[in-house]
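Listed below, chain by chain, are the residues.
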Amino acid sequence: MQLVWLSDVDASMIDVVGGKGAGLGEMIRAGERVPDGFCLTVESYRSGEVPERELVDAYERLGGGRVAVRSSATAEDLPEASFAGQQDTYLGVEGAGELVDAVRRCWDSLFTERAVAYRAAAGVDDAAMAVVVQRMVEPVAAGVLFTANPITGCRTEMVLDAAPGLGTAIVEGSVVPDHYVLREGTPAAANPGGCLRADHLERLRAAGLRLQEHFGSPQDVEWAIDADDTVWLLQSRPVTTLFPLPPDTGDTRLYLEFGHMQGMLRPCTPMGVSLLKTGASLWFAGVGATIDRRDPLPRLVPIGGRIFYDMTDFLRSKAKRRRLGPALEVYGPRVQTAVLRMMDDPRFAPRPGLPFRAGSVLKGTARLLPRTLAGVVSSLADPVRARARARRGLAEIRRLITPPGPSATAAERLRWVIEDSHRPIMSPDLHGILGPLVAGMLAGTLPAGLLGGVATREELDTVLGGMPHNVTTEMDLALWGLAVRAREHRELFLDTPPEALAAAYAAGELPDIGLAGFLARYGMRAAAEIDVGVPRWEEDPAPLFATIANYLRVDDPGQAPDVRFEAAAARAERMIGTLARRARARRPVRGRLAVFLMRRSRELTGLREIGKFAWLPTLQAARRQLLLVGADLVGEGRLEQAGDIMFLTLQEAQAAVDGLDVRATVATRRAEHEREARRRTVPGALLSDGTDVETLAPAPPARDGVLTGMSGAAGQATGPARVIRDPMGAHLEPGEILVAPTTDPGWTPLFMTAAGLVTETGSPVAHGPTVAREYGIPAVICVRDATSAIRTGQVITVDGTAGTVRVEPG
């Protein structure tokens, strides 16, 4: 079939008529007013020849005259990618010759540079082109209607742009249109002197609601109004940029994105969220909290695969809302400001009562406080014994992890994951780790308050440089040691792709550089490692080979990571001496306490990473068992591959073990996960109606070439930027400044040769800025859209003290 009339098309025919053609056919079937037309199908495109006679006959049946010739690719107007403007449309085409030529040009537009690049970014491997031909509407006004606000994400607002004449001027950006925001429950009002009346707005609003209901998602609608005052609908496609909605609770809720505190903006797998909530609930139960097994931690809410925290009850609490400001500082100034603005929103008016059960908090405090306080005091008194106690806790947790043996059934393995896998780590004091960990955090942060007006932020950050006893730093330096051993095979490790090196290692074909020993200790780690669904380095060491290659490019001995680390440690010791003399002279009592804490911080603050490090063997063991369960389900025909189990929750995995075929669920979840993995930005604060709260705040004053964020680690550095969105296989030259969406310990090996760090999200206490301070490199965090505004190769200056990034001219 080379040609089909739009009235005979439905959504199932997308592979025949492309996305635009399928959408138009569905609109006609829904009873909407759409210009008559037909579609030259994908079959014609694939034949390589325009069926001129059939095309011209259909054109004449349409009545001849002026028509619109519109591209309709099979990868177009999809739920995950709109392809807006990526292929060509020709308006006012008249006559058989012009029509045939326009069809050929539409076909050719499938392979323009911009279309090819867009498909690659959207993860679309292949596409074919159909062409839609429709009667030309001669509009007096035309434009675009979004049935949800595309800027804020709010689903209770429609945004409409209109201009006299053709709507192409709006989509091309060549005219300043009339702009309307239509709010739910509020009558539409026309702009004085605008091209639309109030009744036009109401008719378009009604059409938008019908289309949104028909297609099941917010729509981007092109429309036109002719001289007879008839509203024509020219196109409807999904709004692809909206962040997914939170679960519907029937109430207005406020959620804060939780993952960036762990340096994780990529979507978490359903199994990752499920195990996180189930495992962590054991700790809360251990300190006296009441846990609902159906949803162990209800305030942790997965949205778009990211983990959000429901802050609503705290924002509405008279007793707690005043204290939210300081607590939100760790989220950065943008999120903090946006959330504080919500206090003036009547939907979050204060109410009496606490946002938690007072009895549970008192019970937990009674169980935790004496033990933790004793642990902190003893750690500050004898940090050497405290570190030994923490190391014993690590060893004890590993000893207690006892997964089922080789003969265990899938049901037994899954039961162990659900009920027993997290018991070793989730004791109230983490087997003696909690006291030294808290002591180290206090020792690292309290001097700032004690030395206000005496020491600068940069001086205090210097004290935290080259921090010993940090398991993540020790890992990075161990990886540097592998690179040193790899020098005699430099060409092999530099010239071979990381994936090929990983395959050669698995086959036993690589020179021994000590990787086996490294993986025995650190193979449980990975980027986004809190997600059990993410492969560990023991399964795929390719990222390690990429980092080794980066280290092999270090030619200046002074820039070697171990040398830089030792230099940072030496600067820290000198700075403590300087501050000690200054503080004792100006504030004798507080100064002596601050110096004591600074010296203790050198012995304890490095332990801040040990809590998460202690958790990783549990996740590693649980992942191994889940993959074995998945393999059993593959053998029984309920999964396609073992790793598919990561796209189920624990409860769904139990249903699969009990006999349910979950392959369709997995396919849907995997597609959603891959789509979300391509998302560049994630709201830091989100309302239940989809509003990205940050977008409601006034834009900060513009400064030419300067991006403003938040100080993560003091100092300045100037160098070429390297924009990296995923550490897998990342290439970073010595002296370059790393620009990333976020970072976690899986990224930190890149810090060893970086001159500075810029991230779009983060917190001063998150892994990235903390490790940056310890390495002595400046960091600016919470720089909105940094990976878009900065290009690889641009020279930038990072001022970690001021929290700014300057893009240098030229």
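These numbers come from a predicted model, not from an experiment. (Residues numbered from 1 in each chain as written. Predicted model: local features only at pLDDT ≥ 70, side-chain atom pairs only at ≥ 80, totals over all residues. Heavy atoms only, no water.)

Broken down by element type, the chain carries 28 helices and 22 strands. Taking 2.2 N^0.38 as the reference for a compact globule, 810 residues should give roughly 28 Å; the C-alpha atoms of the chain span a radius of gyration of 30 Å, in line with that estimate. Its C-alpha atoms put the chain at 90 × 65 × 60 Å along the principal axes. Looking at the chain as a whole, 55% of its 810 residues are labelled buried. Counting only contacts in the chain whose residues sit at least 6 apart along the sequence, the fraction spanning at least 24 positions is 70%. Working note: accessible area of the chain is about 34200 Å², and carbon and sulfur atoms make up 54% of it. Measuring between centres, the 91 positive side-chain charges of the chain sit 12 Å from its 99 negative side-chain charges. (Helix = DSSP H or I, 4+ residues; strand = E, 2+ residues; numbered from the N terminus. Rg over C-alpha atoms; globule rule 2.2 N^0.38 Å. Buried < 20%, exposed > 50% of the residue type's maximum accessible area, 1.4 Å probe, protein only. Contact = heavy atoms within 4.5 Å. Areas by Shrake-Rupley, 256 points an atom, 1.4 Å probe, with all protein chains shown as cover. Lys, Arg positive; Asp, Glu negative; His and termini not counted. Charge placed at Lys NZ, Arg CZ, Asp CG, Glu CD.)

As for its placement among the helices and strands, E459 is situated in helix 16 (residues 457-463). E459 gets classed as buried once you look at its relative accessible area, which sits at 15%. Of the polar contacts made by the side chain of E459, one reaches the side chain of R582; its length is 3.0 Å. (Polar contact = N/O pair within 3.5 Å; in protein donor to acceptor, adjacent residues only side chain to side chain.)

Turning our attention to the packing of aromatic side chains. According to the stated counting rule, one finds 14 aromatic pairs in the structure shown. The interplanar angle of 90° and the centroid separation of 5.2 Å between the aromatic rings of W283 and F284 together place this pair among those described as edge-to-face. By relative accessible area, which is 35% here, F284 ends up partly exposed. Through pairs of rings, three or more aromatic residues link up here, namely F518, Y522, W537 and F613. The aromatic ring of Y90 is capped on one face by R105, whose charged end is 4.2 Å from the ring centroid. (Phe/Tyr/Trp six-rings, centres within 6.5 Å; stacked < 30°, edge-to-face > 60°. Lys NZ or Arg CZ within 6 Å of the ring centre and 35° of its normal.)

Opposite charge on two side chains makes pairing possible when the charged atoms of those side chains draw close. Enumeration according to the criterion identifies 47 salt bridges in this entry. The salt bridge involving D313 is made with R253; its shortest N-O contact spans 3.5 Å. In this pair, D313 sits in helix 9 (residues 312-316) while R253 sits in the loop between strand 10 (231-238) and strand 11 (254-257), placing the two residues 60 residues apart along the sequence. A relative accessible area of 30% places D313 in the partly exposed class. You can call R253 buried: its relative accessible area is 13%. Notably, a salt bridge pairs E603 with R387, separated by 3.5 Å at the nearest N-O pair. Placement of the pair is E603 in helix 23 (residues 588-604) and R387 in helix 13 (residues 383-400), with a sequence separation of 216 residues. With relative accessibility at 12%, the residue R387 sits in the buried group. Three or more residues are tied together by salt bridges with common partners; here these are D251, R253, R299, D310, D313 and R316. (Salt bridge = Lys/Arg side-chain N within 4 Å of Asp/Glu carboxyl O.)

In a regular helix each residue adds 1.5 Å, so 26 residues correspond to 38 Å; helix 24 (residues 610-635) covers 39 Å between its end C-alpha atoms and thus fits that length. In terms of residue burial, helix 24 counts as a mostly covered element, since 19 of its 26 residues are buried. Of the residues flanking the end of helix 24, it is G637, one or two places downstream, whose phi is positive at about 80°. (Expected span 1.5 Å × (residues − 1).)

Once that is clear, we can look at the nonpolar core. One finds F518, I548, I645 and L738 to be the most contacted residues of the largest nonpolar core, which totals 103 residues. Examining the composition of this core, we find that eleven residues originate from one element, helix 24, more than from any other. Apart from the residues within four sequence positions on either side, L738 is in contact with R722, I724, L732, W747, L750, F751, G756, L757 and V758. (Core = buried A, V, L, I, M, F, W, Y, C linked by side-chain atoms within 4.5 Å.)

Taken N-terminus to C-terminus, the directions of helix 22 (residues 561-586) and helix 23 make an angle of 165°; their axes are 7 Å apart at the nearest point. By the angle between their directions, the pair helix 22 and helix 23 is classed as roughly antiparallel. The two elements helix 22 and helix 23 cross, and the hand of that crossing is left-handed. Residues A569, A572, E573, I576, L579, A580, A583, R584 and R586 of helix 22 pack against P588, G591, R592, V595, M598, R599 and R602 of helix 23. The residue makeup of the contact of helix 22 with helix 23, split by class, is nine nonpolar, one polar and six charged. (Axes fitted to C-alpha atoms, helices over the stretch in contact; angles between N-to-C directions. Parallel < 35°, antiparallel > 145°, perpendicular 65-115°, else oblique. Left-handed = near helix turned anticlockwise from the far one by under 90°. Nonpolar A, V, L, I, M, F, W, Y, C, P; charged D, E, K, R; others polar.)

With that out of the way, let us pick up empty space enclosed by the protein. One pass over the structure, following the stated rule, counts four cavities of 30 Å³ or more. Of the pockets and cavities examined, the largest cavity occupies roughly 60 Å³. Tallied by class, residues from the lining of the largest cavity come to eight nonpolar, two polar and no charged. (1 Å grid on protein atoms, 1.4 Å probe; cavity = no way out; pocket = protein on both sides within 12 Å on 5 of 7 lines; lining within 4 Å. Points joined across faces, edges and corners; volume = space filled by probe spheres on them.)

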